[in-house]
Amino acid sequence: MILTSLPHDALYRVLCFLSVSEVIRLRLVCKDLRDLTFHRAVWHDAYTYSKLPLPRGPLDSHSREFLENTLVKSTRVGIKWCKQALTIASKTTWFEPEWSTLQGDRWEVVSGLWLIIPLIRGSDILCYDLERGQRHVIYHADNALILSFRSTTSEAADGGYILYAMVMERDRSNASFSQKLLLIRFCSEGPLLEYTMVIPVDIIGEGMSQLSAGRRLLCMSDHLTGTVNLAVDTHSRILYRFPSPSSFIEPTFGTQETYLKRLIATETHIFAMFTPLTNVAQLNDGENPRQIIQAFALPRVDDTTTSPNTLQLTHEGHCDLDIERVALLCDSMTNAVTGQTQIKFLTHYMRLNLTKYFAYRVTLSPPSPGQKLGNISLSTEELFSVPGYANTMKFTTSLDGHARGICVLHNERDGTEFYGFTIDASSMDHPCSAKVGPGVDIKEVEATESYPSSLRMTWNVKLAFDGNLGRVCYRKRGKEGRDVLAIVDLA
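What comes next is a walk through the structure.

What counts and how
Within each chain, residue numbers correspond to sequence positions counted from 1 in written order. Confidence filtering applies because this is a predicted model: local features only for residues at pLDDT of at least 70, side-chain atom pairs given and counted only at 80 or more, and all residues used for totals across whole chains, interfaces and linings. As a convention, hydrogens and water are excluded, and side-chain values are obtained from all of the structure's heavy atoms. Counting from the N terminus, the helices are the DSSP runs of H or I reaching at least four residues and the strands are the DSSP runs of E reaching at least two. Only protein chains enter the calculation, and the probe is 1.4 Å; a residue is then buried if its accessible area is under 20% of its type maximum, exposed if over 50%, and partly exposed in between. Each accessible area value is a Shrake-Rupley result obtained with a 1.4 Å probe; residue values ignore everything except the protein chains displayed when judging cover. Two N or O atoms count as a polar contact when they lie within 3.5 Å, although within protein this holds only if one can serve as hydrogen donor and the other as acceptor, and sequence-adjacent residues are included solely when both atoms are side-chain atoms. We call two residues contacting when some pair of their heavy atoms lies within 4.5 Å. As used here, the term nonpolar core means buried Ala, Val, Leu, Ile, Met, Phe, Trp, Tyr and Cys residues forming a set that is joined through side-chain atoms within 4.5 Å. To estimate the expected span of a helix, subtract one from its residue number and multiply by 1.5 Å. Any pair of Phe, Tyr and Trp rings, taking the six-membered ring for Trp, is counted once the centres come within 6.5 Å. Such a pair is stacked with planes under 30 degrees apart, edge-to-face with planes over 60 apart, and tilted for the rest. Distance and angle both matter: a charge sits over a ring if NZ of Lys or CZ of Arg is within 6 Å of the ring centre and within 35 degrees of the ring normal. All axes are obtained by fitting lines to C-alpha atoms, using only the stretch in contact for helices, and the reported angles, taken between N-to-C directions, cover 0 to 180 degrees. For classification purposes, an angle smaller than 35 degrees is called roughly parallel, one larger than 145 roughly antiparallel, one from 65 to 115 roughly perpendicular, and anything else oblique. In this scheme the handedness of a crossing depends on how the near helix is turned from the far one: anticlockwise by less than a right angle means left-handed, clockwise means right-handed. Each residue receives one of three labels: charged for Asp, Glu, Lys and Arg, nonpolar for Ala, Val, Leu, Ile, Met, Phe, Trp, Tyr, Cys and Pro, and polar for the others, Gly being one of them. Each reported salt bridge corresponds to a side-chain nitrogen of Lys or Arg within 4 Å of a carboxyl oxygen of Asp or Glu.

1. Comments concerning the overall build of the protein chain
Then, number 1: Summing up its helical and strand segments, the protein chain has 8 helices and 29 strands in all.
Then, number 2: Looking at the protein chain as a whole, 51% of its 491 residues are labelled buried.
Then, number 3: When the accessible area of the protein chain is evaluated, it comes to approximately 22,800 Å², of which 50% is carbon and sulfur surface.

2. A short note on the side chain of aspartate 489
Then, number 1: Along the chain, aspartate 489 turns up in strand 29 (residues 483–490).
Then, number 2: Only 2.7 Å separates the side chain of aspartate 489 from the side chain of arginine 471, close enough to count as a polar contact.
Then, number 3: When residues no more than four places from it in sequence are discounted, the contact partners of aspartate 489 are Thr87, Ile88, Ala89, Ser90, Leu469, Gly470 and Arg471.

3. Focus: the nonpolar core
Then, number 1: Counting residues in each nonpolar core, the largest one holds 19 residues, and the members touching the most others are Val110, Ile116, Ile125, Phe149, Val167, Leu182 and Phe186.
Then, number 2: Listed by contribution, the elements that provide at least two residues to this core are strand 3 (114–118), strand 4 (124–129), strand 5 (134–140), strand 6 (144–155), strand 7 (161–171) and strand 8 (177–187).
Then, number 3: Among the elements that take part in this core, strand 7 stands out by supplying 4 residues, more than any other.
Then, number 4: If sequence neighbours within four positions are ignored, phenylalanine 186 has contacts with Val110, Trp114, Ile116, Cys127, Gly160, Tyr161, Leu163 and Pro191.
Then, number 5: Core analysis: the next-biggest nonpolar cluster, separate from the first, contains 18 residues, Leu383, Cys407, Ile423 and Cys432 among them.

4. Structural notes on helix 5 (residues 64–81)
Then, number 1: Along its 18 residues, helix 5 runs 26 Å from first to last C-alpha, staying within 8% of the 26 Å computed at 1.5 Å per residue.
Then, number 2: For helix 5, the set of buried residues is Arg64, Leu67, Glu68, Thr70, Leu71, Val72, Ser74, Thr75, Val77 and Trp81.

5. A closer look at the packing of aromatic side chains
Then, number 1: Applying the stated criterion across every chain, the model contains 8 aromatic pairs.
Then, number 2: Residues tyrosine 357 and phenylalanine 384 carry aromatic rings whose centres are separated by 4.6 Å and whose planes lie at 15° to one another, so their mutual orientation is stacked. Taken as a pair, tyrosine 357 in strand 20 (residues 354–365) and phenylalanine 384 in strand 21 (residues 374–387) lie far apart in primary sequence, 27 residues in all. For the pair tyrosine 357 and phenylalanine 384, one class covers both residues: buried.
Then, number 3: Relative to phenylalanine 421, the ring of phenylalanine 384 has its centre 5.2 Å away and its plane inclined at 40°; by these criteria the two rings are tilted. With a gap of 37 residues between them, phenylalanine 384 in strand 21 and phenylalanine 421 in strand 24 (residues 415–424) connect regions that are remote in the sequence.
Then, number 4: Given a relative accessible area of 7%, phenylalanine 384 falls into the buried group.
Then, number 5: Through a chain of ring-to-ring contacts, the aromatic side chains of Tyr357, Phe384 and Phe421 assemble into a single cluster.
Then, number 6: Between the NZ or CZ atom of arginine 27 and the centre of the ring of phenylalanine 38, over which it lies, the distance is 4.0 Å.

6. Observations concerning the packing of helix 4 (residues 40–48) against helix 5
Working note: a packed helix pair is described by the angle between its axes plus the distance between those axes.
Then, number 1: Closest axis-to-axis distance for the helix 4/helix 5 pair is 9 Å, and the angle between their directions is 45°. If you check the angle between helix 4 and helix 5, you find them oblique. Here the hand of the crossing between helix 4 and helix 5 comes out left-handed. Across the interface between the two elements, Arg40, Trp43, His44, Ala46 and Tyr47 of helix 4 pack against Arg64, Phe66, Leu67, Glu68, Thr70 and Leu71 of helix 5.
Then, number 2: Classifying every residue of the contact of helix 4 with helix 5 gives 6 nonpolar, 2 polar and 3 charged.

7. Looking at the pattern of salt bridges
Pairs may arise between side chains of opposite charge once their charged atoms sit close together.
Then, number 1: Tallied over the full model, the rule gives 12 salt bridges.
Then, number 2: The shortest N-O distance in the salt bridge between lysine 31 and aspartate 35 comes to 2.9 Å. Remark: aspartate 35 and lysine 31 occur in helix 3 (residues 31–36); sequence separation between them is 4 residues, near one turn of the helix.
Then, number 3: Lysine 31 sits in the exposed class, given a relative accessible area of 59%.
Then, number 4: By relative accessible area, aspartate 35 is classed as partly exposed at 31%.
Then, number 5: Across the salt bridge formed by lysine 180 and glutamate 169, the nearest N and O atoms sit 3.6 Å from each other. Here glutamate 169 lies in strand 7 and lysine 180 lies in strand 8, a separation of 11 residues in the sequence.
Then, number 6: Of the residues examined, glutamate 169 reaches a relative accessible area of 4% and is grouped as buried.
Then, number 7: Taken together, the salt bridges that share partners define one network made up of Arg27, Arg64, Glu65 and Glu68.

Written out as structure tokens, the structure reads:
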């Protein structure tokens, strides 16, 4: 029987078992198979079952061209990412006079494609399309000056990306202050300011220092217990408060001790991790403090015990984590039989000139009979280690557990190096796995640059990274003292 004589449904089933590169090579066999590979259904299934970090999808709005191009690009990056030292595939520079107005590193790159520059003590937030070379003013503060800017990014439910930004403004006429939450959507057509929400200053104050965005919940807070804690349901645009600090496992929590805190938003919960300051001060080198970890969720519709605009504390437990180095790796996965929900985090420790990377599997169990709160348990899996002190780690995850990242570290012997890594944390039942490639000296990478620079990349320079493209962006000094955004595509 000739392969092409099979029904199309059977041929589609065969193509489901092929890799992206094999589907592309199939186009060279014959015209019938070539035509088959241009059907959207083929790339829909390939996107669905791919084990690559990819933007959310496949969505009904995604064309066959988008699915194919995204898969092919991520596949090409992945082939070389962990098998050899990273090399520059392409590089560009971006000269802009607005860099001179920046204070510190208050700039962001969204999805490797859009550069965001807030004009501190000015009135505009600028966006530069790095592919088309276009400049947009995406926000203008009417009769006000922008004093501070903090942002975080998440994937939009209908495709593209969303930048959430907290902006503090001062009115030019009466010197009053206001806090605004901006939601800026990025898609193939460019950036769009979707809405602004004024956050009352008496609620949030001026101490907000961290933002975290899940697929639905956005949380904002400072770094100490019991002060600024707010959340926004980005679907309904309702503002929620956190309940007063309390704990069933630590009765004195929130009353006799000051805690450092870290909030991380997921699709279903907001995690709050609290570290007693006194414990931090008493730690020996190499130790992690014992912490309280709590999970909050939106209040149930039938819950009449709390205010309708107050989050509900649902789970609590103890953990030993370095909360300053925790990032969401895999979003909520729920077992329909046991009711348990798993979320995975990525963290790293620096010990004795060695940086180790771990996956933390956080399991939320339903409350036992007679208990008010469910339990939180953690298990640790070591993924890989690299020689030196990794001060910077950036990675892109599709939040289903497939991630591609880069760490920049300082090695006393070799100087500053790049390491590329990939992680598969997609299973609830099987251990996480990871691969890391050989390190490459940043001096060797930059030696091939075609533009002069008096500011070399170092291990503590701020980086923007997109793993789907394998793209690194960083700010440096170019010709005539002008600042440059260096855009480097690796692998």
